[in-house]
Every structure is written in C-alpha cells, then in structure tokens.
Amino acid sequence: MLSAGCSGSATSALYFRVNHAGYFPDGIKEAIIFSASEIAGTTVRLMTAGSAKPVREYILKNNRGVWGKYKYHYAVVFSDVKQKGEYYFQIDKIRSDNFTIGNEKYIKLLPQVLGFFRVQRCGATNPHLHGVCHLFDSHKVIGDEDFGEVDVTGGWHDAGDYIKFTNTTAVSAYLLALSYVVNPALHEQDVNENGAPDILEEIRVGLDWLLRCNYTETRLITQVQDMRDHDVGWRLPENDTLKYDRPAFLGEGKNIYGIYAAVMALGAKIWSTRLDEKEYAEKLKTAAEKFYSAAAAVPDLDIAFTGMYQDKSYQAKLLLGAVELYNLTGRQKYLDDLRRLSSALQPDYWWSWGDLNGLASFRSAQIAKTGYSALEINLSGFNQTKDKTVYGDAGIYTWGTTTTLFGIAAKSMMYRLLGAGDIFDTLAIRQFDYIFGKNPWGKSFVSGVGNSSVRFLHSQVGYFNNNNLPGGIAAGPATSEMLKNYNITRKNLAGQEFNSADVVYYDDRDDYVTNEPAIITNATAVFAMTLMLTFY
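In this report, the structure presented in the accompanying data block is examined. (Residues numbered from 1 in each chain as written. Predicted model: local features only at pLDDT ≥ 70, side-chain atom pairs only at ≥ 80, totals over all residues. Heavy atoms only, no water.)

**Describing the sheet that holds strand S1 (residues 14-17)**
If you trace the three strands from one edge of the open sheet to the other, you get S1-S2-S5, paired in antiparallel fashion. What marks the edges here is a single partner per strand, and that holds for S1 and strand S5 (72-77). Strand-to-strand twist in this sheet, taken as the mean axis angle between neighbours without regard to direction, amounts to 20 degrees. One ladder, built from six bridges, connects strand S2 (residues 30-35) with S5; its direction is antiparallel. Within the sheet, the bridge partner assigned to Ala31 lies in S5 and is Val76. (Pairing = 2+ DSSP bridges. Helix = DSSP H or I, 4+ residues; strand = E, 2+ residues; numbered from the N terminus. Axes fitted to C-alpha atoms, helices over the stretch in contact; angles between N-to-C directions.)

See below:
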C-alpha cells in the first residue's frame, strides 16, 4: 500500500512499513522507510496517535539496501519505547499508518485465526459462511475397490478448494492441540458456553474425521476427492456438482502413520484430563497405539495418488508419534524409540506440513532434556539470514511463505520454552513484523489486520461472501521463477510496483500460489502466536 508521497514524483515518494498487528512492549521494534531517491539524514518523528505529541526523533542513516526499483531502505528501531498505546511516524507532513505497542491485538486475533477452521468445516459440522456439504463422502475407495462405500464425512476442506487430506488435517489438529497444551489459559474461550474451550471443539472436528479415515483394522484413507475438484468452476461447497462423486484414497506409510499416532495420542491425553471423556480418550489411544505399531510393516513414505502433500521423509512424524505415546502411557518402548529417532534427526532448514524436524526435536527434548541440536542449528541458519535481508525476514519465498515464516517464529520460541535462552526472540518478532505489514507491499497477509490487509484471497467461500474470510491468511510472496510454472491470469495487479525481479506477490483471487489460505497456515499461526504470547 502507498502510505505517503513527498510529492507527485514517483522518485521522491516515501513509503512507511510497519507491523499492523502491533509491537510487543518488551520486544524489538522496527519500521522500514524507503524511497527511490536518497533520504539519508531525514528526521523521523514518532508521534502518539491521540494527542499528536512527539515521543522520539530519529535520523535516517545506513541504507539497508535495494528491493525492486527502490534503492534506499532505512530502519527505524524504537525498542526503547515500551509504553502501550497507538502511534505513527511522521516526516514533515507525511505520516505512516497508525500502529500499536501492546499485545492486545494478538490476543484478539488468536480466536479469529482459529475461526478460519470453522469456515473450512465439511459435512454436518456446523460450518461458518456456508451450508452443510459433502454428506456422501465417499462412494468408493481407490486402492481398495472391493470394499465399497466408506463414511469419511466431516473434517476440514484443506484450502481454497474442497479436497481433504489426512496429512495436513493431522498436522493441523496436532498443532492446535499442542497450542492448548503449551498455554491452556490462553485458549479457554468458550463462546457457545457448552463447557469445552472453542479450540478443543475445533480439534474434535479434525479428530472425528481422522477416526473415520481408519475404516478397517489398519487401513487408512489419506485423501478425499481428486484434482477434478479444481476443474468444475467456483461454487460454494453445498453446491458442489461433484458431491456424489468424491472418491477416497487408501494410503500407508510411516510418515502418515506417525503423525496419525501423534495427534491421536495427544488428543487422548487432553480428552482424558481436561474434558474427562474417558471413552473417547480410550478410542483415540487405541488408534494411536495401533497405527504406531503398524508403521513397522509399511513403506517409509505414503505415495499420494494425486502427488499432493508428498512427504520427503518420515522420521519427524514417527518421532512425534513416539513422543506423544510416551507422554500418554509412560511405556519404555516409546521412550527407547524416541531416543533412537531423535538422535538421528537432522536440521531441515524449513517449516511446512512435511518439514517438522524442528518441532520433533523440540518435543523430544522436553522429555529427554537434550537432543535439540537439529532445532538450534536450524535457527542459527535463519538467524544469520535475517541480518542480510532488507526487511529482516528469513528470506524464504516459496509456495506457503507465510506458513514457513510463522513456523520459524514458532521454532524460535520453542527454543526459549526449552529454557535455552532468548537469543532467537528477535528472529521470531521479525517474522511477525513481515507477515503483518513490514514487507515491501505494506500488506498484512492476515485478513482483517490493518488498513491494507489481504482482501482477495483464493477462497471460494470467501469469494461468495463478498471477500469476507475472517482469519484467512494468504500464502504470501513467491519467487517469480516458481510462478513461471503456473498459468495464472490475474485481474488485480495493485501493488505490483513493489515486486522485485525475483520475488512477487499478488492480492488476486485467481492466484492460488501467493494468495490461497490453507489450514496448515492457520494451525501454524495459532501455534506461533500461542508461543509468542506465552512470553510477550
């Protein structure tokens, strides 16, 4: 978003980039001001929004470098300002958008980001913004054609489409459950006053569907619907012309069985303690133990029929299964497996539905008290990168950039939760800054946060609700080289002047690479914000 211009000349325009979700009082605080022309030596005033009184003055110096056609970027660091309130920056008569110091917006944002899952609900699960849908999942099982129909109704649509995946559902439900375990006090909100925190109700939607996916003793559905879902045009899920033709897909692999066991075991722990539902907890425990045991006899990796969400390794997910089963049962076998698997875990320098080595390293270290080297090495690499980028982000631009950046923030705070120190806190905060507006486009990638948040998400439900998608998170910028592989016709090109030759972002409903929301992104965001609010 163009925040301000010194004059009508494009070469003399100034742009402010701030975190629209707010700055933590005790954290590092940084804004970026940039221009196509030299502005070193310019005085910047930090002002209170209510009284318009100056708080501090800063002199721009030390050009951060070039982004796109803008050659001059300057950081204003105002970490010494800790007073909660609303502020803005001003240069002469030009001012930035208002922003806050305080964590209140994050606390309010947390249930909104969680609420995205209700929009994604499938079946008769009381969804939000659309009707009951897909009540005939599924008429057949690909890979087990002799079985017949199987009931895999419910769960969550994965992204802007209406396909459902065991892999991303299990990872997302696991991250939501872990968010509750890390800081239950933060997640006790019970809007419908039925005695269960809203986050646990949402996790239950995922768990119930995953239980249905186990349709025989050790057979597991890993996907519902195929790529034809993308070919029938935009529609609300209740109007899906393929609602009677949504095949299920059989799958097996240590990766899928591992994360399945992990979320079932963690769910069993929560449901047996917080909710005292012993029968349901026992059902989850049985499923966890069964599939963890069965993992020894299946291939390392599930081969997805459609090629979507294909893991590269299984170790982290199987390790998470061992961790949660040990936490649940205390059995020595799971502790032995935990130690064996964690000792071989390598840094993956990433975060996604399939790159969870840092998370597995963290969870195993909580038990074994050692063995978090994969997490530490991972973070050290990201930490070095953040000091080389203009905006202080970790410099990863891919399909799902915001997921990865939220994941890096989460990893940073996991390190602190282990009692290993706060040396990566700045890394975490800078990823939040980038996601919430301190980026080249001035765009908050979380819908509804700030004056220039993402609006035209690649979401069918959002589109048919006048672009209203509470809690929706854009996938974020991607490399132009990657986008060459996809034939996307865009209608909204606003903000493209801030694209670089190498990295681009489009707030366009047809751009499924940079602008599609997905459950894994929101689950990672909930987890990252939970960890951040635990300390800030």
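Once you've had a look at it, read on.
**What about the nonpolar core?**
Residues Met264, Leu359, Phe432 and Phe436 are the most contacted members of the largest nonpolar core, which totals 139 residues. Sorting elements by how many residues they give to this core places helix H4 (residues 254-273) first, with 13 residues. If you look at the next biggest cluster of nonpolar residues, it comprises 21 residues, including Leu60, Val76, Ile91 and Ile94. (Core = buried A, V, L, I, M, F, W, Y, C linked by side-chain atoms within 4.5 Å. Buried < 20%, exposed > 50% of the residue type's maximum accessible area, 1.4 Å probe, protein only.)

**Some words on the pattern of salt bridges**
Taken as a whole, this structure holds 36 salt bridges when the rule is applied. Between Lys278 and Asp276 there is a salt bridge; the shortest N-O distance is 3.4 Å. Residue classification places Asp276 among the exposed residues on the basis of a relative accessible area of 52%. One network of salt bridges, with partners in common, ties together Glu30, Arg64, Lys386, Asp387, Arg430, Asp433 and Lys438. (Salt bridge = Lys/Arg side-chain N within 4 Å of Asp/Glu carboxyl O.)

**Concerning the environment of Ser293**
Locating Ser293 in the fold gives a position in helix H5 (residues 278-294). Note on Ser293: relative accessible area 52%, which makes it exposed. Remark: the alpha-carbon pair of Ser293 and Thr218, spanning 75 residues in sequence, is separated by 9.9 Å.

**Describing helix H10 (residues 401-417)**
Helix length check: H10 (17 residues) gives 24 Å between terminal C-alpha atoms against 24 Å at 1.5 Å per residue, within 8%. Taken across its 17 residues, H10 has 15 buried, putting it largely inside the fold. One or two steps after H10, the chain reaches Gly419, where phi turns positive at roughly 80 degrees. (Expected span 1.5 Å × (residues − 1).)

**So, the pairing of strand S13 (residues 248-251)**
With burial as the criterion, each face of S13 is covered, one bearing Ala248 and Leu250 and the other bearing Phe249 and Gly251. Where strand S9 (residues 141-142) and S13 come together, two bridges link them in parallel fashion. Bridge assignment links Val141 to a residue of S13, and that residue is Ala248.

**Things to note about empty space enclosed by the protein**
To find leftover empty space, one rolls a probe the size of a water molecule over the atoms. All told, the structure shown has four cavities of 30 Å³ or more when counted by the stated rule. Lining of the largest cavity is provided by Phe165, Asn167, Thr222, Gln223, Phe249, Ile256, Asp302, Ala304, Phe305, Met308 and Tyr309. Grouping the amino acids of the lining of the largest cavity by side-chain chemistry returns seven nonpolar, three polar and one charged. (1 Å grid on protein atoms, 1.4 Å probe; cavity = no way out; pocket = protein on both sides within 12 Å on 5 of 7 lines; lining within 4 Å. Points joined across faces, edges and corners; volume = space filled by probe spheres on them. Nonpolar A, V, L, I, M, F, W, Y, C, P; charged D, E, K, R; others polar.)

**Concerning the layout of surface pockets**
For the largest pocket, the calculated volume is near 800 Å³. Elements that contribute at least two residues to the lining of the largest pocket include exactly H10 and helix H14 (519-535). Among the residues forming the lining of the largest pocket, the class breakdown is 14 nonpolar, twelve polar and five charged. Size it by volume and the second largest pocket reaches roughly 460 Å³.

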